[in-house]
Amino acid sequence: MAVPFVDLKRFESGFLDRWMEKVSTMSSTASFIGGSEVAKLEVALCERLRVAYTVSCANGTDALQLALRAMGVGAGDVVLVPDVTFWATFEAVVNVGASPVTLDVDPEDGGVDLTSIIRAIDNYAPKAAIIAHLYGWGSTQLKAIRQLCTERGVMLLEDGAQCYGVEYNGNSIYQDALISTTSFYPAKVLGAAGDGGAVFTNNPDLADRVRQLSNHGRTQHYGYASVGWNSRMDSLQAAFVNLSLDHIEQRLASRRQSAEYYRQQLRGLPLRVMDVPEGYVENGYCNVCHLEAPLRAMLEAVLKAEGIGFGNIYPGALSAQPGAEGYIHAAVSNGRAAEYCTTVLNLPLFPYMTADELEAVVAVVKKTLV
Ligand SMILES: *Cc1c(COP(=O)(O)O)cnc(C)c1O
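Residues numbered from 1 in each chain as written. Predicted model: local features only at pLDDT ≥ 70, side-chain atom pairs only at ≥ 80, totals over all residues. Heavy atoms only, no water.

1. Notes on the domain arrangement of the protein
Keep this limit in mind: A domain assignment, automatic or from a database, supplies the domain bounds used here. Any two residues having at least one pair of non-hydrogen atoms within 4.5 Å are treated as being in contact. Here the quantity called buried area is the total loss of accessible area, with a 1.4 Å probe, experienced by two parts when brought into contact, counted for both. Here, a salt bridge means any side-chain nitrogen of Lys or Arg that lies within 4 Å of a carboxyl oxygen of Asp or Glu. Two N or O atoms form a polar contact when they lie within 3.5 Å of each other; inside protein one atom must be a possible hydrogen donor and the other a possible acceptor, and for residues adjacent in sequence the pair counts only when both atoms belong to side chains. Under the scheme used here, helices are H or I runs from DSSP no shorter than 4 residues and strands are E runs no shorter than 2 residues, and both carry numbers assigned from the N terminus.
Each assigned domain of the protein is listed with its residue range as follows: domain 1 (15-245) and domain 2 (248-369). The straight-line distance from the C-alpha centre of domain 1 to that of domain 2 is 24 Å. Between domain 1 and domain 2, the residue contacts involve 51 residues of the former and 42 residues of the latter. Summed over both partners, the interface of domain 1 with domain 2 comes to about 4,000 Å²; 59% of that surface belongs to carbon and sulfur atoms. Together, Tyr135, Trp137 and Val189 form the three largest contributors to the area buried by domain 1 at its contact with domain 2, with a combined 19%. Where domain 1 packs against domain 2, one counts 1 salt bridge. Close ionic contact of Asp113 with Arg336 constitutes a salt bridge, the shortest N to O distance being 3.9 Å. Summed over the shared surface of domain 1 and domain 2, the result is 26 residue pairs in polar contact (both at pLDDT 80 or more). Broken down by secondary-structure element, the contributors of at least two residues to the side of domain 1 that touches domain 2 are strand E2 (78-82), helix H4 (87-95), strand E3 (99-103), helix H5 (114-124), strand E6 (167-168) and helix H8 (235-245).

Written as structure tokens, this is what we have:
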């Protein structure tokens, strides 16, 4: 049985009809930019994530750049970034003119290694740091990292593109961040029908600056207080996300169940399915396994032959990317990131996977590794 890595087409019954209806009414009223759907989404996210301010924008990469700019990060500033994350986290730092210092990974949770942050703060006087909550949870050390950054005067930006629905100590993970972001890229947990993103904060000044920068630095129709750019979220995307919010709890439940199924079923094999760190409720964004590189290669070959999709999130450290050359100010490392990336493998995971699909994936993994 073939199983895709991700299948974005499994909409709830009636969902696509409601979407088509929205497209039709919004098109006939030419409601394309701003308006009630965007406002409704921002209010809904504030309520659901228990943050004071949500500013929607064009995509998750812009969200990071808007946050950095709002924090006053620019040319000459050092920003700490994880060495294991999506490229956009790194790119955002470079694109605002700042210098990235990469941080090693903590192989237990996939977040940044706390000792690397401490060393980097001691040695490079960063203005800000970015951490990314990958895989559907956050760092075991999140509280300590937030505290450390506050104490040392380093502004902490949390890239939450993958963590919609994650709970940390009973709260939304976004709730206690100084400033955080998400992405509505379709394959994310809360996806749009195209690109979209948002910045979250409890700080009114940061929220104001993000809002202004995302709309050309505009203060009135032809009045500009700063140089921003156009990063508005379009209204159709907001409408799609609003419709998705009606089903998000079911989707999260389905994802979490599949994530846990893999954990239960793959015990005792020569592979480690990453666990949810203490204090977290995961969102089931993805499955994450680690197995020795030769075994991984063997398993990947069998999965391919059987028509089962898989991923490697992420296949290499950012500091090793050719595009990073010339931009990296320093790399603070215990030498773990490269190895971590050579052992990571992600099995199919998306909402409404069937029991047959899950069993088929597990059967192939078992027959290959037992
Ligand atoms: C997806 C993602 C982004 C970028 O979001 P876009 O909406 O695609 O620009 C940034 N950071 C992480 C960790 C992501 O997974």
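2. Thoughts on the sheet that holds E6
To be explicit about the condition: Here, a strand pair is defined by DSSP locating no fewer than two bridges between the strands.
Read across the sheet, 3 strands follow the order E7-E6-E13 without closing on themselves; strand pairing throughout is antiparallel. Whereas interior strands pair on both sides, the edge strands pair on one side only; in this sheet they are strand E7 (171-172) and strand E13 (280-281). Relative to E7, E6 is paired through 2 bridges, and the arrangement is antiparallel. Bridged to Glu167 within E7 is Ser172.

3. Observations concerning the side chain of Lys188
For clarity, the cut-off: Here the term buried applies to any residue with accessible area under 20% of the maximum for its type, exposed to any over 50%, and partly exposed to those in between, with areas from a 1.4 Å probe on protein chains only. Counted as positive: Lys and Arg. Counted as negative: Asp and Glu. His and the chain ends are not counted at all.
Within the secondary structure layout, Lys188 lies in the loop between strand E8 (179-183) and strand E9 (197-201). For the buried Lys188, no salt bridge is present, and the opposite-charge side chain at shortest range is Asp159, 6.8 Å distant. If sequence neighbours within four positions are ignored, Lys188 has contacts with Ala161, Ser183, Arg255 and Tyr285.

4. A closer look at the environment of Arg218
Note that Arg218 resides in strand E10 (residues 218-220). Assessed through its relative accessible area of 24%, Arg218 is described here as partly exposed. Placed 10 residues apart in sequence, Arg218 and Gly228 show a C-alpha to C-alpha distance of 8.1 Å. Residues contacting Arg218, with those up to four places away along its chain left out, are Gln212, Gly223, Tyr224 and Arg232. Reaching out from Arg218, the side chain makes a polar contact with the backbone oxygen of His221 at a distance of 3.1 Å.

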